[in-house]
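# Summary of the model geometry
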Amino acid sequence: MTQPVVTQPPVTEARAPVAAESPRLRWVLLTAGLVAALALPWFVYPPVAMDIVAMALFAIALDILLGYTGLLSFGHAAFWGSSAYVTGLIATHYGVPFPVAVVGGALFAMVLALPAGYLSVRRSGIYFAMVTLAFAQMVYFIGYQWSDLTGGENGLQGVPRKFFGIELVETESFYFYYAALPILLLGMWAAWRIVHSPFGRVLVSIRDNTQRARALGYEVEKYKVIAFVLSAGLTGLAGGVFAINHGFVALTELHWSTSGEVVLMTVLGGIGTLWGGVLGAFLSVMLADYLASSGFDGIDLVTGSVFVLVVLLFRRGVWGTVRHQWLAWRQRRTSSRRTSAGADPARRGP
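A quick note: this is a predicted structure, and the numbers were derived from the prediction, not measured. (Residues numbered from 1 in each chain as written. Predicted model: local features only at pLDDT ≥ 70, side-chain atom pairs only at ≥ 80, totals over all residues. Heavy atoms only, no water.)

## Examining helix 5 (residues 126-145)
Rules: In DSSP terms, a helix is any run of H or I states spanning at least four residues, a strand is any run of E spanning at least two, and both are numbered starting from the N terminus. Helix span, expected: 1.5 Å multiplied by one less than the number of residues in the helix. Burial classes: relative accessible area under 20% of the type maximum marks a residue as buried, over 50% as exposed, and values in between as partly exposed (1.4 Å probe, protein chains only). As used here, the arc belongs to the directions running from the helix axis to the C-beta atoms.
The end-to-end C-alpha distance of helix 5 is 29 Å, a good match for the 28 Å that 20 residues give at a rise of 1.5 Å each. Buried residues of helix 5: F128, A129, T132, F135, A136, V139 and G143, and no others. Along the long axis of helix 5, the arc covered by the buried residues comes to 130°, so they all point the same way.

Right, here's the structure in full:
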């Protein structure tokens, strides 16, 4: 008999110092994030800005599994790429507005995730990661061999960007950004609702202590499958918008390296924070775009070095470390106030 492999859960903000996050700060962050999303194409080339937001949703979707359920998936490229292909095929062959095509791609990703999740969640740790990787490689092989449908190595070309006959959106990347942005923001809001719902609390309990969650009566495998499918659906939304944005779907969208890239973004920003996925996507996409535009060939070398430095210097990721330090400072401040109030007789009650 083989011995079960015990893996340590990832460092997440659930292990940060206990301190209530003020509602005012939450609204400030949401407002700042919305303003930044609306202003992004004014400062960044619009197609690149769209890639940033799409990859941010991709990282957030993965974080539902990695940060809140404790499952490291190396197969999410299957849902990202398959949704991109299905979105492109629907838009090409049926001529529907791109939001309809994107929803169709997301639904396909969720259907595809059902058998994959059912088989994968029966394993944990490295075994779960390897099963998801094997599944993604199988989807990649199908995409490569089914060249009549997917274009094979040439990819799916000429994906239209139809939007109810509005020419500016269909021809100008700047206006397309604002037409597609609500889809991605809706996906981010859905992710926030998932992790802050009672369902999300159960996922965190499964991540922290699977056996205790099972002893409390929760069907652990069922919750994991649902989380896997929801994560795949949000990934599909991002992949569909990505395909429409580029007007082209490359075979690399199904490759395992795409899964590795989004894992890097999530770890870079901070696991289990949601905001970390946004920051990680922004840093990764902007760094890659800057290096590519400057003619530098070793993009992977630089991004890999940055990843290693972040892991060594920021154990919780960039956003996760900042938030952890802020919560620790706030807790110390609250404790010192209580101590001083207890030591000052004038502040005591009668």
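## Observations concerning the nonpolar core
To keep it simple, the criterion reads: Throughout this description, the term nonpolar core refers to a set of buried Ala, Val, Leu, Ile, Met, Phe, Trp, Tyr and Cys residues connected via side-chain atoms within 4.5 Å. Throughout, a contact is declared for two residues whenever any of their heavy atoms are within 4.5 Å.
Core analysis: the biggest nonpolar cluster contains 83 residues, and M50, V53, F79, F98, Y177 and L234 have the highest contact counts within it. The element best represented in this core is helix 2 (residues 46-66), accounting for 17 residues. Residues contacting F98, with those up to four places away along its chain left out, are K162, F163, V169, F176, A179, A180, I183 and I244.

## Focus on the packing of helix 2 against helix 13 (residues 275-293)
Filter applied, for reference: Axis angles are defined between N-to-C directions and span 0 to 180 degrees, where every axis is a line fitted to C-alpha atoms and, for a helix, only to the segment in contact. Oblique is the label for any angle not under 35 degrees, not over 145, and not in the 65 to 115 range, which are roughly parallel, roughly antiparallel and roughly perpendicular in turn. By convention the crossing between two helices is left-handed if the near helix lies anticlockwise of the far one by an angle smaller than a right angle, and right-handed if it lies clockwise. Under the scheme applied here, ten amino acids are nonpolar (Ala, Val, Leu, Ile, Met, Phe, Trp, Tyr, Cys and Pro), four are charged (Asp, Glu, Lys and Arg), and all others, including Gly, are polar.
Here helix 2 crosses helix 13 at 140°, and the two axes come no closer than 8 Å. With respect to their mutual orientation, helix 2 and helix 13 come out oblique. For helix 2 against helix 13, the interelement crossing comes out right-handed. Contacts from V48, D51, I52, M55, A56, A59 and I60 in helix 2 reach G277, V278, A281, F282, V285, M286 and D289 in helix 13. Considering only residue class, the contact of helix 2 with helix 13 consists of 11 nonpolar, 1 polar and 2 charged.

Limitation: the analysis is restricted to geometry and does not speak to function.
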